[in-house]
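Letter by letter, the chains look like this.
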Amino acid sequence: MRIIAGSARGRQIEALPGLATRPTLDRVKEAMFGALQFDLPGSHVLDLFSGSGNLGLEAASRGAKLVICNDASADCAALIRKNAAAVRLSDVVTVMQLDYREAIRRLVISGVRFDFAFLDAPYASGFAVDAARLLFSEGLMQPQGLVLIEHSSSYAPPDDVPGVMRRRRTRKFGACAVSEMERDEAT
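Residues numbered from 1 in each chain as written. Predicted model: local features only at pLDDT ≥ 70, side-chain atom pairs only at ≥ 80, totals over all residues. Heavy atoms only, no water.

Q: Help me understand the overall build of the protein in this model?
A: Within the protein, the secondary structure is distributed over five helices and seven strands. When the helices and strands of the protein are listed from N to C terminus, the series reads α-β-α-β-α-β-α-β-α-β-β-β. Taking the principal axes of its C-alpha atoms as reference, the protein extends roughly 45 × 35 × 30 Å. When contacts within the protein are restricted to residue pairs at least 6 apart in sequence, those whose partners lie at least 24 apart make up 63%. When the accessible surface of the protein is summed, it comes to about 8600 Å², and 52% of that surface belongs to carbon and sulfur atoms. Side chains of the protein give 23 positive and 22 negative charges; the mean places of these two sets differ by 4 Å. (Helix = DSSP H or I, 4+ residues; strand = E, 2+ residues; numbered from the N terminus. Contact = heavy atoms within 4.5 Å. Areas by Shrake-Rupley, 256 points an atom, 1.4 Å probe, with all protein chains shown as cover. Lys, Arg positive; Asp, Glu negative; His and termini not counted. Charge placed at Lys NZ, Arg CZ, Asp CG, Glu CD.)

See below:
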């Protein structure tokens, strides 16, 4: 795995061996970040199911001001710290090791708000859709904030939740898809 663009362009990052994590493919990452590239500098980014830190580190490399990477696994949290140091982005990246619901609860208390959130949870878990709903309903997203949910392309994209979030679009990349969710102001 590598950082595609920005200050750490071309630098390699590690992933845990085996099937415990499923890193986002480079072509999917390129498409996601290509659409966001002009909005990332100076932004606040959350990578909630971070694994290796792949998405959060890409955002940091492309100029995000603050990146919070969270993973419930101690091995993943240690790897994210190691990867951030290896690509010289430790000053931008904060690592949390919490269940996603506890991470959201603590982030609400901290008062931080995000411009972008990446949710790449285990596909069949339903955690990403639940997390997206919580991020919007708990006020963790900026008014124009965008949540990107990676999921299997064989499953239906996340449903709109009136008054909370709505799907902007879903893009398919073979076996995986990315749905972009935004705040729904309708009541």
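What follows picks up the thread again.
Q: Would you take a moment to explain the sheet that holds strand 7 (residues 176–183) for this structure?
A: Pairing between sheet strands relies on hydrogen bonds along the backbone, with the strands arranged either parallel or antiparallel. Across the sheet, seven strands lie side by side as 3-2-1-4-5-7-6; this open sheet has mixed pairing. Each edge of the open sheet is held by one strand with a lone partner, namely strand 3 (93–96) and strand 6 (165–173). With strand direction ignored, the average angle separating the axes of adjacent strands in the sheet is 15°. Those strands touched by helix 1 (residues 26–36) are strand 4 (114–119), strand 5 (141–152), strand 6 and strand 7, and its axis lies near 135° from that of strand 6. (Pairing = 2+ DSSP bridges. Axes fitted to C-alpha atoms, helices over the stretch in contact; angles between N-to-C directions.)

Q: Would you explain helix 2 (residues 54–61) in this entry?
A: Along an α-helix, residues three or four positions apart point the same way, because every turn accommodates 3.6 residues. Counting buried positions along helix 2 yields eight of eight residues, so the element is predominantly enclosed. Within helix 2, burial applies to Asn54, Leu55, Gly56, Leu57, Glu58, Ala59, Ala60 and Ser61. Next to the buried residues of helix 2 lie helix 1, strand 1 (44–47), strand 2 (66–70), helix 3 (74–86), strand 3 and strand 4. (Buried < 20%, exposed > 50% of the residue type's maximum accessible area, 1.4 Å probe, protein only.)

Q: Can you help me understand the pairing of strand 5 in this one?
A: Note on strand geometry: in a regular strand, side chains alternate between the two faces of the sheet. Taking burial as the measure, the twelve residues of strand 5 include nine buried ones, the bulk of the element. Bridge count for strand 4 against strand 5 is five bridges, and the pairing is parallel. Residue pairing for strand 5: phenylalanine 114 is matched across the bridge by methionine 141. Handedness of the crossover is the feature at issue here: the chain leaves strand 4, passes through helix 5 (residues 127–137), returns alongside strand 5, and the resulting connection is right-handed. As paired elements, strand 5 and strand 7 share seven bridges and run antiparallel to each other. What sits directly across from leucine 146, in strand 7, is glutamate 182. (Right-handed = clockwise from strand over helix to strand, strands pointing away.)

In short, the description is geometric, and any link to function would need to be established separately.
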